[in-house]
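Report on the structure
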Amino acid sequence: MHRRVLRSFVHGLLLPTRSLRFVPTPTLHTLLHPDRIRLRLSSSSKADAINTMVDLLASHRAITSLPDVRSAVFERESTMSTGVGHGLGLPHAKTDAATETVAAFATLHPPVEFDAIDSSPVELLLLLVGPESEASLHIKVLGRISRLVHQVPLREALTSADTPAAVVDTLQRAEATL
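If you're wondering where the values come from, they're calculated on a predicted model, not measured in any experiment.

The two faces of the sheet receive side chains in turn, since in a regular strand these alternate between them. In terms of burial, strand β6 (residues 122-130) is largely enclosed, as eight of its nine residues are buried. By the bridge criterion, two bridges tie strand β3 (residues 88-89) to β6 in an arrangement that is parallel. Following the sheet pairing, G89 is matched in β6 by L125.

Here is the structure:
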């Protein structure tokens, strides 16, 4: 009897019933398209800035319902501010209104009060939206952003970027160092 249980256990370890698939963490520069980047965006408030960012996702094929994305982002924001410090706002949400992880980016001029953890106004804003089914991927991308934002030269380069292509190029160079 014990041998049968042991054999069954070992067999289960050697022949898993579902295949495991490695999914690499997407890089920010591949998530961002120049059409979803705004420079020197003037917003009157945190809500106005977030609404503008959500609107940038409207034409993305992965977004099935922009109102649902907007609701998810504001619902997440209501639980705790996504002003993460160092002048970065990182509104994000998981919602089935997105079929894959997507992003939008803006520099804000003037900076906007965001209830940030360090009380600094936000001048760099990155919106991240992904499906509920990609929760672990969502967390990995947020971790990548966290590691990048601690680089002062990167923040300065993004703030002073004069084209959306320069933003993508700057992120690509910074991510190559991770």
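Right, picking up where we left off after that structure.
By the definition in use, this model includes zero aromatic pairs. Directly above the ring of F114 sits K46, whose terminal nitrogen or CZ lies 5.2 Å from the centroid.

Before going further, it helps to examine helix α4 (residues 66-79). Here α4 contains 14 residues, and its C-alpha end-to-end distance of 20 Å stays within 8% of the 20 Å for a straight helix at 1.5 Å per residue. Residues of α4 that are buried include every one of L66, V69, A72, V73 and E77, and no others. Mapping the buried residues of α4 onto a view down its axis gives an arc of 130°, with all of them on the same face. Every exposed residue of α4 that faces more than 90 degrees away from the buried side is listed here: P67, E75, S78 and T79. Buried residues along α4 sit against α3 (46-56), β4 (92-94) and β6.

Mapped onto the secondary structure, P153 falls in helix α6 (residues 152-160). Taking C-alpha positions, P153 is 9.4 Å from A174, a pair spaced 21 residues apart along the chain.

Attention shifts here to the pairing of strand β5 (residues 102-112). Of all 11 residues that make up β5, eight are buried, and the element is covered over most of its length. The sheet contact formed by β5 and β6 spans seven bridges and is antiparallel. Looking at β6, one finds that A106 is bridged to L125.

What counts and what doesn't
- Residues numbered from 1 in each chain as written.
- Predicted model: local features only at pLDDT ≥ 70, side-chain atom pairs only at ≥ 80, totals over all residues.
- Heavy atoms only, no water.
- Buried < 20%, exposed > 50% of the residue type's maximum accessible area, 1.4 Å probe, protein only.
- Helix = DSSP H or I, 4+ residues; strand = E, 2+ residues; numbered from the N terminus.
- Pairing = 2+ DSSP bridges.
- Phe/Tyr/Trp six-rings, centres within 6.5 Å; stacked < 30°, edge-to-face > 60°.
- Lys NZ or Arg CZ within 6 Å of the ring centre and 35° of its normal.
- Expected span 1.5 Å × (residues − 1).
- Arc of directions from axis to C-beta.
- Contact = heavy atoms within 4.5 Å.

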